[in-house]
Each structure stands twice: as structure tokens, then as C-alpha cells.
Amino acid sequence: MVAEPIPIKARIPVLVCAADPLSRAGIGSQLRKAPGFGVIADGDLPEDVVALVVADELDSAVLADLRGLRGRGVRRVVLLVSHLDDRSLLSAAEAGVTGVLRRSEATPGNLAAALRSAAAGEGTLPPDLLGRFLRQVGQLQRQVLSPRGLTFSGLTEREAEVLRLLAEGYDTAEVGRKLFYSERTVKNVIHDVTSRLELRNRAHAVAYAIREGLI
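S.K.: Could you clarify how one ought to interpret the overall build of the chain in this entry?
M.R.: Helices and strands together make up the secondary structure of the chain, namely nine helices and five strands. Listing every helix and strand of the chain by position from the N terminus yields β-α-β-β-α-β-α-β-α-α-α-α-α-α. Out of the 215 residues belonging to the chain, those deemed buried represent 36%. Contacts in the chain between residues far apart in sequence, at least 24 positions, make up 63% of those at least 6 positions apart. For the chain, the exposed surface amounts to about 12800 Å²; the carbon and sulfur share of it is 52%.

S.K.: Can you help me understand the packing of aromatic side chains in this one?
M.R.: Taken as a whole, this structure holds zero aromatic pairs when the rule is applied. In this structure, Arg158 packs its charged tip against the face of Tyr181, placed 5.5 Å from the ring centre.

S.K.: Whenever I open this one, the pattern of salt bridges confuses me. Can you help?
M.R.: It is possible for side chains of opposite charge to pair when their charged atoms get near one another. A full pass over the atoms with the stated rule returns six salt bridges. Arg196 is the salt-bridge partner of Glu159, the closest N and O atoms lying 2.8 Å from each other. Remark: Arg196 occurs in helix α8 (residues 183-196) and Glu159 occurs in helix α6 (residues 157-167); sequence separation between them is 37 residues. Residue Arg196 is classed as partly exposed on the basis of its relative accessible area of 40%. Glu161 is paired through a salt bridge with Arg164; the nearest N and O atoms lie 2.6 Å apart. Here the residue Glu161 and the residue Arg164 both occupy positions in helix α6, the gap between them amounting to three residues, near one helical turn. Exposure remark for Glu161: the relative accessible area of 29% places this residue in the partly exposed category.

S.K.: Hey, could you run me through the nonpolar core in this one?
M.R.: One recurring pattern in soluble globular proteins is that nonpolar side chains are buried together. Counting residues in hydrophobic clusters, the biggest one holds 21 residues, and the most contacted among them are Leu58, Leu66, Leu79 and Leu84. Every element with two or more residues in this core is listed here: β3 (50-55), α2 (60-71), β4 (77-81) and α3 (86-94). The greatest single-element share of this core, amounting to four residues, is contributed by α2. In terms of nonpolar packing, the next biggest core, distinct from the first, is built from 18 residues, Ile12, Val14, Val54 and Ala112 among them.

S.K.: Where do I start with the sheet that holds strand β2 (residues 37-39) in this structure?
M.R.: The strands making up a sheet are joined through hydrogen bonds of the backbone, oriented either antiparallel or parallel. Pairing in this open sheet of five strands is parallel, and the strands run β2-β1-β3-β4-β5 from one edge to the other. If you trace the sheet from one side to the other, it starts and ends with β2 and β5 (99-102), each paired once. Across the sheet, the mean angle from the axis of one strand to that of its neighbour is 25 degrees, orientation sign disregarded. Pairing geometry for β4 and β5, over four bridges, is parallel. In the sheet register, Leu79 faces β5, and the bridge partner there is Val100. Seen against the sheet, helix α1 (residues 21-33) touches β1 (12-18), β2, β3 and β4 and runs at an angle of roughly 165 degrees to β1. Contacting β1, β3 and β4, α2 crosses the sheet at an angle of about 175 degrees to β3.

S.K.: Sorry, what's going on with α2 here?
M.R.: Every α-helix winds through 3.6 residues per turn, so residues three or four apart in the chain are directed the same way. The first and last C-alpha atoms of α2 sit 16 Å apart over 12 residues, in line with the 16 Å expected at 1.5 Å per residue. The set of residues buried in α2 consists of Val62, Leu63, Leu66 and Leu69. In an axial view of α2, the angular spread of the buried residues amounts to 120 degrees, which keeps them on one side of the axis. Opposite the buried face of α2, at more than 90 degrees from it, the exposed residues are Ser60 and Gly71. With a side-chain oxygen lying 3.3 Å from the backbone nitrogen of Ala61, the N-terminal cap of α2 falls on Asp59. Backbone geometry just downstream of α2 places Gly73 in the positive-phi region, at approximately 95 degrees.

Calculation notes
Residues numbered from 1 in each chain as written. Predicted model: local features only at pLDDT ≥ 70, side-chain atom pairs only at ≥ 80, totals over all residues. Heavy atoms only, no water. Helix = DSSP H or I, 4+ residues; strand = E, 2+ residues; numbered from the N terminus. Buried < 20%, exposed > 50% of the residue type's maximum accessible area, 1.4 Å probe, protein only. Contact = heavy atoms within 4.5 Å. Areas by Shrake-Rupley, 256 points an atom, 1.4 Å probe, with all protein chains shown as cover. Phe/Tyr/Trp six-rings, centres within 6.5 Å; stacked < 30°, edge-to-face > 60°. Lys NZ or Arg CZ within 6 Å of the ring centre and 35° of its normal. Salt bridge = Lys/Arg side-chain N within 4 Å of Asp/Glu carboxyl O. Core = buried A, V, L, I, M, F, W, Y, C linked by side-chain atoms within 4.5 Å. Pairing = 2+ DSSP bridges. Axes fitted to C-alpha atoms, helices over the stretch in contact; angles between N-to-C directions. Expected span 1.5 Å × (residues − 1). Arc of directions from axis to C-beta. Polar contact = N/O pair within 3.5 Å; in protein donor to acceptor, adjacent residues only side chain to side chain.

And the structure:
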């Protein structure tokens, strides 16, 4: 029995990004033969696109490309890389990478699995990199964030609690009474958050915190 072709809408749109045109062409050809994927050209990208960034190492040019993708609204990025040290791993996460795969381990099956995981909103890391990443995250929290009263959300506990109450409909005076702060303190907290995160106003801060899962 001949399998029916997968409908276009059921395919995961993949944008292949590589400075080396041979790598870009080779991986694009491989994905076109794999069921469930559709390689797309750069341009107006669909919301559910998965970007596959191919590189030897995570240098400044690749980081700029990653941030450029994030700036265009791409939220699913798989990095296919030859070499990645501990510092680069954190930089990749900061730049919005959701999955990492070594080129030496990029069998057709592993690559397809990483792209499907990214499309489903899940992350992918080789086991040894996952352990190293978790150690770095713990070290960053202990040595950098905690001494400043911050968490990985970018908010202090007090800021998160103020925004949570605002999201529930309380005004600044009511928030102050609930948290035993003056209304002026509450307004200062809101000002600090909006200034640091470059948000327009209180409503924007609440919407941002909800959208990013910070509260």
C-alpha cells in the first residue's frame, strides 16, 4: 500500500539557517525527504515555524542571528552545532535556543526528534550538556541573582507579588494594605519593574508578567 502524502498544513515548517550554503542545501534536502516537515524560504515566517540554526561554534555572528530570529517572533529554535562549551550553552539559552544537537550526533532520526520537540514547545539537550547546564544555572542563581534579591524571572519576590495582586484587580492602595507597604512603595515597585524591563505602564507590566509566565 502506498502511503498517502502528508497534507501541507500538517507539516512542521522549518527554516534552515546556515552561513555555509552547502550545509544549508544538504540539510534542507534531507528534511524535504523526511515525512512531516516542510522547508520554507526566509521571508514572512509563520507563527509555528521552527528555525534550525547550523554552525560550527556559537560565535558572535551566530548569536546575532539567534537574537535576530527572536526579534522576528521566532520562538522555536534548534541549534545544530559542532562545538559548544559551558559559556556558550548559557549564551544559547539566553538567545532563545530551545534545543541543542551536536552535528556529530545528528542522525536523521535525532534531528527529526529535536525539531518535533521544538514544534511542541519542548526542549532538547544531550544528557551530558543537560547536567552541565543545570550546574551553571544553580551557580548563577547562588552567585549572581540571589545576592541581588532576584530570581530567574527577572523579578524580585516583592515585585512578583505586587504584579500578581494587580493582575487580580486590586489597585495600588489595596495592594499596599495587603502586603503592609505604603502606596508609595507599591508605586515605586511598579516603576522599578517598568523601567528595568522597558515596559510602558502598569497594565503593560502585568500583561508582560502573565504572558511570560512570571506570575
